[in-house]
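Notes for the structure review
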Amino acid sequence: MESVARKESKADLVERLKKDFTETEKVILERRSVRLYKDEQVPEFMVRRILEAGRFAPSAGNCQPWKFVVVRDPDLIYEMTEDVADACGIFSKIVNYTRPGREGLRTFSKIMTRLRKHDLHPVPFAAVSLIGDRKLGLWHGAPTVILIFYDTRGVGCPELDCGIAGQNMVLAAHSMGLGTCWVSFSKLLFEYNPKWKKVFSISYPFKFITSIAVGWPVGEPDGMISRQTHAVDWYEGQKKSTIY
Amino acid sequence: MGYMTLLERFRIPTYNDPNETILGRVDFDLARCTGCGMCVKICPASALELVDKKATMKEPPDDQCMFCGDCQAVCPVDAVIMKRPYRWTSFYKVIEHGEPKPPRLFTD
């Protein structure tokens, strides 16, 4: 098959790159997590195209250690959201010892924070409490949800390969004008409750890793923003420098 | 920069101590803000509110900003100024971050 032919010279290409970001870069830089969706369903062919982008993601040893589950049933999405809200409610009650009358939980909470350092990370804790209080939807009302499971027997790091496939799908969706949001709170459904594994017939070797909400965004949430720069060590000419 | 002491590695930050949990912060250009409320609707941490038809950050402890920038991107009149990224200390200390900047072309 023919690939995208480069018709311009390298000098022209460099001149063009200096003027503006490429279309792909723009999709990457303008992608924002969308948390407000229209009720309107996404056309089926667009979801199929998004899954195609995931299918062609690179993976270790080309073992493609993923399983995608598409949920477009509003009742099912509602039921899952309710279950996660219950779990988040319990989590925030146990760990949020800053509430009045909960000072006694301080030591327990601190130990839990250390043992489950990713799940109980304080940064998204406001969101956990909001989901528990049912002020924030799990998938924010998105009509289509893609659940990603990884094959635990995959080469190298199958979780990472699922992340790469997921990012492919997210960027493909945004290039089509859709909105997406990575939602890993849904892990609670498959970790603490045997019910949902049965509903989706998930068994060995598949394990839940993350989920993506897909839908038509309300307003125009995509756009470039400011973000922290990160230190990057740069080794060149037998010298080390740090750039930002 | 980029170094954590043994004490920092063992201590766990207390969620409600402002010295240990410096949250993100956005400011609003009130002259531009039309009070459409889009930022309030999409804020995942529910840290924004409308006061007198102008967007503003809630008072602590409800200002749990993650500095995600959704408000700046969605604002139709560019009234959101991203002022300060979050910086946690102790065990969750933010290391090797620089100042916030928009996407750069590096051609100057």
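Thresholds, definitions, all that
- Residues numbered from 1 in each chain as written.
- Chains lettered and ligands numbered in written order.
- Predicted model: local features only at pLDDT ≥ 70, side-chain atom pairs only at ≥ 80, totals over all residues.
- Heavy atoms only, no water.
- Patch = residues over 30% accessible without salt bridge, like charges linked within 9 Å, V, L, I, M, F, W, Y side chains within 5 Å.
- Areas by Shrake-Rupley, 256 points an atom, 1.4 Å probe, with all protein chains shown as cover.
- Salt bridge = Lys/Arg side-chain N within 4 Å of Asp/Glu carboxyl O.
- Helix = DSSP H or I, 4+ residues; strand = E, 2+ residues; numbered from the N terminus.
- Buried < 20%, exposed > 50% of the residue type's maximum accessible area, 1.4 Å probe, protein only.
- Pairing = 2+ DSSP bridges.
- Axes fitted to C-alpha atoms, helices over the stretch in contact; angles between N-to-C directions.
- Contact = heavy atoms within 4.5 Å.
- Buried area = accessible area lost by both parts, 1.4 Å probe.
- Phe/Tyr/Trp six-rings, centres within 6.5 Å; stacked < 30°, edge-to-face > 60°.
- Lys NZ or Arg CZ within 6 Å of the ring centre and 35° of its normal.

**Structural notes on a nonpolar patch on the surface**
All names here are of chain A. The grouping of Ile 90, Ile 94 and Phe 108 at the surface amounts to a nonpolar patch, some 260 Å² of accessible area in total. If you trace the backbone, Ile 94 turns up in helix H4 (residues 74-95). Since its relative accessible area comes to 31%, Ile 94 is described here as partly exposed.

**Looking at the sheet that holds strand S1 (residues 66-71) of chain A**
Neighbouring strands of a sheet are bound in pairs by backbone hydrogen bonds; such pairs are parallel or else antiparallel. Residues and elements named next belong to chain A. The 4 strands are arranged S1-S2-S4-S3 in an open sheet whose pairing can be described as antiparallel. Edge strands, defined here as strands with exactly one partner in the open sheet, are S1 and strand S3 (179-183). The average angle at which neighbouring strand axes cross in this sheet is 25 degrees, direction not considered. Bridge count for S1 against strand S2 (residues 144-151) is 6 bridges, and the pairing is antiparallel. Looking at S2, one finds that Val 70 is bridged to Ile 146. Lying on the sheet, helix H7 (residues 158-175) is in contact with S1, S2, S3 and strand S4 (206-215); it crosses S2 at an angle near 155 degrees.

**Side note on the interface of chain A and chain B**
The interface of chain A with chain B comprises 43 residues on the first partner and 41 residues on the second. A combined buried area of about 3800 Å² lies between chain A and chain B, and 62% of that area is made up of carbon and sulfur atoms. Ranking the residues of chain A by area buried against chain B places A:Arg114, A:Val123 and A:Gln228 at the top, with a combined share of 17%. One can count 1 salt bridge joining chain A with chain B. In this structure, B:Asp70 and A:Arg35 form a salt bridge, with 2.6 Å as the shortest nitrogen-oxygen distance.

**What to know about the packing of aromatic side chains**
Within a pair of aromatic rings, the relevant descriptors are the distance that separates the centres and the angle that separates the planes. On inspection of all chains with the given rule, the structure shows 7 aromatic pairs over all chains. Here the aromatic rings of A:Trp66 and A:Phe68 are separated by 6.1 Å at their centres, their planes lie at 10 degrees, and the arrangement is stacked. On the numbers, 5.3 Å between centres and 85 degrees between planes, the contact of A:Phe149 with A:Phe190 is edge-to-face. In this pair, A:Phe149 is assigned in strand S2 and A:Phe190 in helix H8 (residues 187-191), connecting sequence segments 41 residues apart. A:Phe190 shares its class with A:Phe149; the two are buried. Cluster of aromatic residues (ring-pair linked, three or more members): A:Phe149, A:Phe190, A:Trp196, A:Phe200 and A:Phe208. Its end group placed over the ring of A:Phe206, A:Lys67 keeps NZ or CZ at 5.9 Å from the ring centre. Cation over ring: A:Arg114 sits above B:Phe91, and NZ or CZ is 3.9 Å from the ring centre.

Spatial relationships are all this shows, so hold off on functional conclusions.
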